[in-house]
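Given next are the chains, with one letter for each unit.
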There are 4 protein chains.
Amino acid sequence: MKKVLIAGAAGAMGQKAVALVNGMDDVELTAVLAPHMADDQRAKFQLGPDVKIYHSLDEIPEGAADIWVDFTIPAVVYDNVKFAIDHGFAPVVGTTGLTDDQEDELIKTSAARHQGGLIAPNFGMSAVLLMKFAKEAAQYFPDVEIIEMHHADKKDAPSGTALSTAKLIDQVRPAHESSPDEVSTLDNVRGGDYHGIKIHSVRLPGYVAHEQVLFGGAGEALTIRQDSFDRQSFMSGVKVALEKVLDLGELVFGLENIL
Amino acid sequence: MKKVLIAGAAGAMGQKAVALVNGMDDVELTAVLAPHMADDQRAKFQLGPDVKIYHSLDEIPEGAADIWVDFTIPAVVYDNVKFAIDHGFAPVVGTTGLTDDQEDELIKTSAARHQGGLIAPNFGMSAVLLMKFAKEAAQYFPDVEIIEMHHADKKDAPSGTALSTAKLIDQVRPAHESSPDEVSTLDNVRGGDYHGIKIHSVRLPGYVAHEQVLFGGAGEALTIRQDSFDRQSFMSGVKVALEKVLDLGELVFGLENIL
Amino acid sequence: MKKVLIAGAAGAMGQKAVALVNGMDDVELTAVLAPHMADDQRAKFQLGPDVKIYHSLDEIPEGAADIWVDFTIPAVVYDNVKFAIDHGFAPVVGTTGLTDDQEDELIKTSAARHQGGLIAPNFGMSAVLLMKFAKEAAQYFPDVEIIEMHHADKKDAPSGTALSTAKLIDQVRPAHESSPDEVSTLDNVRGGDYHGIKIHSVRLPGYVAHEQVLFGGAGEALTIRQDSFDRQSFMSGVKVALEKVLDLGELVFGLENIL
Amino acid sequence: MKKVLIAGAAGAMGQKAVALVNGMDDVELTAVLAPHMADDQRAKFQLGPDVKIYHSLDEIPEGAADIWVDFTIPAVVYDNVKFAIDHGFAPVVGTTGLTDDQEDELIKTSAARHQGGLIAPNFGMSAVLLMKFAKEAAQYFPDVEIIEMHHADKKDAPSGTALSTAKLIDQVRPAHESSPDEVSTLDNVRGGDYHGIKIHSVRLPGYVAHEQVLFGGAGEALTIRQDSFDRQSFMSGVKVALEKVLDLGELVFGLENIL
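Residues numbered from 1 in each chain as written. Chains lettered and ligands numbered in written order. Predicted model: local features only at pLDDT ≥ 70, side-chain atom pairs only at ≥ 80, totals over all residues. Heavy atoms only, no water.

With an unreviewed UniProt entry as reference, chain A is termed 4-hydroxy-tetrahydrodipicolinate reductase, source organism Limosilactobacillus panis DSM 6035. In UniProt, chain A has this text filed under Pathway (unreviewed entry): "Amino-acid biosynthesis; L-lysine biosynthesis via DAP pathway; (S)-tetrahydrodipicolinate from L-aspartate: step 4/4." The Sequence similarities (unreviewed entry) comment attached to chain A in UniProt states, word for word, "Belongs to the DapB family." (UniProt positions renumbered as here; feature names shortened; annotations may be inferred.)

Set out below in C-alpha cells:
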C-alpha cells in the first residue's frame, strides 16, 4: 500500500485529489499539508481519523508518505517540491508557477538522489494522449494544423495545450516547406504560425476547452480531438501518476513521458 | 416537358449537366451551344439525334428551349445571359466572371421583361444549405466563427463560400460587441475578421473542400458543416434550379434564395 | 412591458426562468405560482418586493400577467395550462407529462379562444434549430442518418430529440428506397431504423447531450450538430418564446414552429 | 540503394507503387513481375530501360532485388510470398487472400530463415495510426465506441478496419462492465457489440471511407478520426514499409506493428 501526502488538500483541486485517493485500492491517504485546516474539519475535508494534518513543512517527518501530491499555489510550489525531493517523497505536481530554471534545478537534484517524481502542466488524460499521439503522427504526416476552441471568457490565445502540442510536433516532424506563395485576401485568416505549424484559436460562449490536431496526406486525413468538459477530468491523470511515479528514477516533466 | 439548351455542353461541367438532364423525367435536352462541336461527335458528348447543335448565338431561334443552362467561360457569359433574357430563355448560370455592374443590369432587364432566371456562384446543395442555415441561426446565436478547410494547392484564403457565409451572417445578426480585451501571444492566432466574424482557413493535402460554421451560446453549441468531395456535387443544385427557374419573375442571385 | 407569471418558480428550471426575466428589458416578472414559498424567501428566490406570490390556482386573478411560464411537474401541468388558457394568459410550457389527447384538447380550446401559447419539449435553441434545419435539408438530401451521443447514465435510447428529428424528416423527405441487400456481419451494427432513417445511440461517460444529423448526396455531405453542455441552454429558447408568444393565435407545439 | 521488385506492376495499385518507388531517393526499381507485360510497353507502365520484366516466378534470379512488393491477386499471393521468402526477398504484401493457416506458415518459415517482411491489410497511414492510437488510449479510457462511415455502395457492415480496431482495443482494455440496465425503445439503436465495444456503421452516398473512435471518461472525451478520400493514400504506408522492412527479422502482420 503506497502512502500519499496531499499538499493543498483544502483547495478545489486538492479536495478532488483527496476523493480520488480515498477511492483507490492500492494507495492510502496518510497526511495532508494544509496551513489553515483545523482538526475538527476532518469531515468537511473528507479526511479519516488517522490522516495527519500538517500546517507547515517543518512539521513533516521523513516517512510520512511515499508520494507527495501538490496542488498548492505558485508562491510555495518550489519550496514544497524541493522539500519533497530532499526528504524522500516522490512529488506529483499539478501546481503551476515553477520557472524554467527552478525546474531544471529540481530535475538535476532529483536525478542525483535517484528520486522519481512528476511535474505536469496538464493532468487531463485526453489532452495528454492528444499531445502524445500528435507527436507520433507528425513523423508520418508532416502537414498539420491545430484548432483549439475555448469559452469566450478565455482572454488569451492560443491555449497552453495548443502551443505545447505545436512544440512537440516541431521536435519530430521532417523538414517541411510550407506554401510560400499563399495569398490571404483577409488579413490573418491563415492563423498563427509556430515554426510553420498553423494554430487557430476559436472563442465562443458555450464551449469549454477543446483541441483538434488535423493531419493531411495524399488522399487521406487524420484528426485527433480532445474535449474537456470539467476539471474533474484532471483526476484520471493523477491516478496514472500515482500508479507510476514510484518507478521513476528522476523528476519527469509531462505526463505523456511516463505513459 | 421543359426544354433545355446547354451552353458550354462540351466542357467538363457542361457534360455533367448533359448527363443530368438526360437522366431527368420532366426536362428534355433540345439544344446545345458549343462552338467547336461537330455533328459526328454526338455519341462522344452524350447527345441524342434530335438535339440541335448551335455554334454561335445568331444561329439560335426563339423557342429553341425554355431554359438556358450556362457553363461557359467568363469571356462570353455576359453576352450569353443577355441573349437568353432578350429571347425568352430562363437562364441558369454557373459560369463566373460577371461584374457587379453587369449582374445589376441583367437583373434589371430581366425584371422589366418578367423573365425569371438564376445566377449561382455555387450549385453545391450542401454549401448552399450551409449558407442558408447559417444566416438563419445567426439571428439566435450572434456568437459565430467560421472554419474552412481546403487542399494545400488552394493558394488563396479565405474561400469564396466562407466569405459569402460571413456576409450573409453579417446582414442579420444583432449588434455584437466582441471581446475588446483579447490578448494573442502568437500573432494572428485568432484568424481573419469580417465585421467581427472570425474566419479561419486551413490548408492541408488530402482535404478537398469543407466548411464549418460554429455557433456558441450559454451552455450549448450548434455546428453546421459541409464537405464537397467531388464537383459532381454541383449537379444536385442545378437539378433544383431546373425545377424552379420557370416559376421566377426575374433573375435571382444565389440558389439559397429560391429554396 | 409584458407581464410574466412563473409557475414552478422555486424549482431549478423555474429559478433559471426568474433570472432570465429579471435580466430582460421588455418583460417584467409580476407573479409566481409556488405552493410552498413563504413571503420572507423573496431574496432566496430572486423576487422583488412587488412580485405576487400565489400558492394555488384559485388565488390568481385575471390580469395578473400576460404570459404564463410553466416549469412545474407532470401531475399539475394540465390543470395549469387549462387555467392559463381559460383566463387569458399565454402559456409557455416546458413541463413534460401532457398526453397526446390533453395536448389536442388544449390546442382546440386555445384556437377557439384565439389564445396564443407554446408547448415545447425542448427549449434548447441549438436542438430546436437542428430539428428545423434537418427537416428542411431532407427535402434535398433524402439520404440521412442520425447519431446521438449522451452520458453513460442515460439508460434509454434513442434520445427524445433524435426520435423527434427522425419524425420531422420522415414528414418531408421524398419516397426513398434503402439498400435492400445490405449484409451485417455483426448484428445490429447498422443501428435503429425509423421508417428507413437509421439512428445510432452512443453512451459514454464525459459526454453530456449531443446530436448529429448526417446527410449524403453525390460527391458531398452536410452535417448539422448540436451540443448541450448545460441546462442553462434552455433559457435561450424561453427568451425567444417570451418575445413571440403574444403574437400567436393559438397554442403551438414545438419552438421550431414559431421561429 | 535498396533494390525493389514489384509483383503486379501492371495493375492499378502496382502502378501507384511504381510511381512511388520512381519518386524515392533511397530505393530503386530493378524488376517487375507482370505475366502479360511486353517489352515495348515500358513507357506506358513507367519503367526505365534497365528494369527487368519477368513473366513468371521461375525466371527470377536470386538477387534480382532486396524487397518484393506484392500487389497481385488472391490466387497467386501465397506462391509469390513463399517464393520471396525462400529466395531472400523481403516481401511487402498488400494483396489480400491469404488464409490464417497460410499466414501462420509463412511467418514461421520467415522466422526460421531470419527473413523480414510485412503483410498489411491496410497501408493507409491514417487508418493504421488510428488503430495504433486507439489500442493505446483504451488502456486509459476503457469506455469506447466506434463509428465508421462509408459510401452507400458498400454493402457489408461493419468495415474491416472498424472490426480490427475493436479487436485491438479488446486485447488491452481493462475488464469492463457495460450498463446492464440499458433500455432501447427502438431496436438495435445501440449498434453492434464486439465484446462490449459498440460499433455503429453509417452508409451514405457522398461519403468515401471514414472511421471515428470515441473515448469518454469523467469530464472529458478523446476522439480519433481518419478519412480516406482516395486509394492514393495507401502509398504513404508502402513508403514506410520500404524504409523499414529490411530491419525486420521475420514476417510481421500489420503496419502498425513496425511503426
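Once that is clear, we can look at the overall build of chain A. A tally of regular secondary structure across chain A gives six helices and 14 strands. For chain A, the C-alpha atoms occupy an extent of roughly 65 × 40 × 30 Å along the three principal directions. Pairs at least 24 apart in sequence give 69% of the contacts found in chain A among residues at least 6 apart. For chain A, the accessible area works out to roughly 10,200 Å², and carbon and sulfur atoms hold 49% of it. (Helix = DSSP H or I, 4+ residues; strand = E, 2+ residues; numbered from the N terminus. Contact = heavy atoms within 4.5 Å. Areas by Shrake-Rupley, 256 points an atom, 1.4 Å probe, with all protein chains shown as cover.)

Note: most peptide bonds trans; most residues except glycine with negative phi. For the peptide bond that leads from Ala157 of chain A to Pro158 of chain A, omega is 0°, which places it in the cis range. Examined against the element boundaries, Pro158 of chain A turns out to sit in the loop between β8 (156-157) and α5 (160-172). Its identity is not glycine, yet Asn188 of chain B carries a phi of approximately 75°, on the positive side. Given a relative accessible area of 34%, Asn188 of chain B falls into the partly exposed group. (Buried < 20%, exposed > 50% of the residue type's maximum accessible area, 1.4 Å probe, protein only.)

Take the interface of chain A and chain B next. Every contact between the two is made by 42 residues of chain A and, on the other side, 42 residues of chain B. On the chain A side of the contact with chain B, Lys155, Leu186 and Val189 of chain A bury the most area, a combined 17% of that side's loss. At the surface where chain A touches chain B, the tally comes to two salt bridges. Ionic pairing is found between Lys155 of chain A and Asp181 of chain B, a salt bridge with its closest N-O pair at 3.4 Å. The interface formed by chain A and chain B holds 20 residue pairs in polar contact (both at pLDDT 80 or more) in total. For the side of chain A that touches chain B, the secondary structure elements donating two or more residues are β7 (144-150), β8, β9 (183-184), β10 (192-194), β11 (197-203), β12 (209-217) and β13 (220-228) of chain A. Each residue belonging to the side of chain A that touches chain B can be placed in one class, and the counts come to 18 nonpolar, 13 polar and eleven charged. As paired strands, β8 of chain A and strand β9 (residues 183-184) of chain B are joined by two bridges and run parallel to one another. Residue pairing for β9 of chain B: Asp156 of chain A is matched across the bridge by Val183 of chain B. (Buried area = accessible area lost by both parts, 1.4 Å probe. Salt bridge = Lys/Arg side-chain N within 4 Å of Asp/Glu carboxyl O. Polar contact = N/O pair within 3.5 Å; in protein donor to acceptor, adjacent residues only side chain to side chain. Nonpolar A, V, L, I, M, F, W, Y, C, P; charged D, E, K, R; others polar. Pairing = 2+ DSSP bridges.)

Both copies of the chain are related through a single rotation about an axis accompanied by a shift along the same axis. Superposing chain D onto chain B takes a rotation of 180° combined with a translation of 0.0 Å along the rotation axis, leaving an RMSD of 0.1 Å. Those values place the two copies in the arrangement expected of a two-fold rotation axis. Closest to the rotation axis within chain D is the C-alpha of Phe229 of chain D, separated from it by 4.0 Å. Most of the interface of chain D is mirrored in chain B, where 100% of its interface residues are also at the interface. (Least-squares fit on C-alpha atoms with pLDDT ≥ 70 in both.)

On to the UniProt feature "binding site: NADP(+)" (unreviewed entry) in chain A, then. Residue and element names in this part refer to chain A. The positions that UniProt labels "binding site: NADP(+)" (unreviewed entry) are, in the present scheme, Arg42. The residue Arg42 is located in the loop between β2 (27-33) and β3 (52-54) in this model. Within polar-contact distance, the side chain of Arg42 engages the side chain of Asp39 at 3.0 Å.

We now examine the interface of chain D and chain B. Chain D puts four residues into the contact, and the matching count from chain B is four residues. For the pair chain D and chain B, the summed buried surface comes to about 320 Å²; carbon and sulfur atoms form 79% of the total. For the pair chain D and chain B, the number of links is zero salt bridges. Between chain D and chain B we count zero residue pairs in polar contact (both at pLDDT 80 or more) in total.

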